[in-house]
Amino acid sequence: MSTSTVRSIHSTLHKALEQAVKWELIPRNAAAATDPPKPRPKEIKPLDADQVRVFLEAAQGDRFEALYVLA
């Protein structure tokens, strides 16, 4: 499963178990003793020179052309 899916499941389970502790259905929240996985930053892959040239040619005449050239 993806990191975000595991984090979401952990959060939901943690909240449910916390409520069960408040209602005295269980003695402690086992999810509190675990750490969800940390999100990994995605690697950025910049365009190479040929890809930039093709992009700028395709952007000619676009209303944001100046913005693309500046970027």
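This text follows the structure it describes.
Heads up: these notes are all about the structure in this document. The model shown is predicted, which means the values in this text are computed figures rather than measured ones.

Conventions and cut-offs
- Residues numbered from 1 in each chain as written.
- Predicted model: local features only at pLDDT ≥ 70, side-chain atom pairs only at ≥ 80, totals over all residues.
- Heavy atoms only, no water.
- Helix = DSSP H or I, 4+ residues; strand = E, 2+ residues; numbered from the N terminus.
- Buried < 20%, exposed > 50% of the residue type's maximum accessible area, 1.4 Å probe, protein only.
- Polar contact = N/O pair within 3.5 Å; in protein donor to acceptor, adjacent residues only side chain to side chain.
- Phe/Tyr/Trp six-rings, centres within 6.5 Å; stacked < 30°, edge-to-face > 60°.
- Salt bridge = Lys/Arg side-chain N within 4 Å of Asp/Glu carboxyl O.

What follows deals with the environment of F55. Within the element layout of this structure, F55 appears in helix α2 (residues 49-59). Residue classification places F55 among the partly exposed positions, given a relative accessible area of 38%. A sequence separation of 13 residues divides F55 from Y68, and the C-alpha atoms of the two residues are 8.9 Å apart.

So, on to α2. By the N-cap criterion, in which a side-chain oxygen at the helix start approaches the backbone nitrogen of a residue two or three places on, α2 is capped by D48, the distance to D50 being 3.1 Å. Phi for G61, located one or two positions after α2, is positive at around 90°.

Tallied over the entire structure, the rule returns 2 aromatic pairs. With centroids separated by 5.2 Å and ring planes inclined at 65°, the aromatic side chains of F55 and Y68 adopt a geometry described as edge-to-face. Taken as a pair, F55 in helix α2 and Y68 in helix α3 (residues 65-70) lie far apart in primary sequence, 13 residues in all. By relative accessible area, Y68 is classed as partly exposed at 30%. Each member of the aromatic cluster is reached from another via a ring pair, and the members are F55, F64 and Y68.

Once their charged atoms are close, side chains differing in charge can pair, the charge on each being opposite to the other. For the structure on display, the rule yields 1 salt bridge. Among the ionic pairs, E57 bridges to R53, the shortest N-O distance being 3.4 Å. Here E57 pairs with R53, and both are found in helix α2, just 4 residues apart, close to one helical turn.

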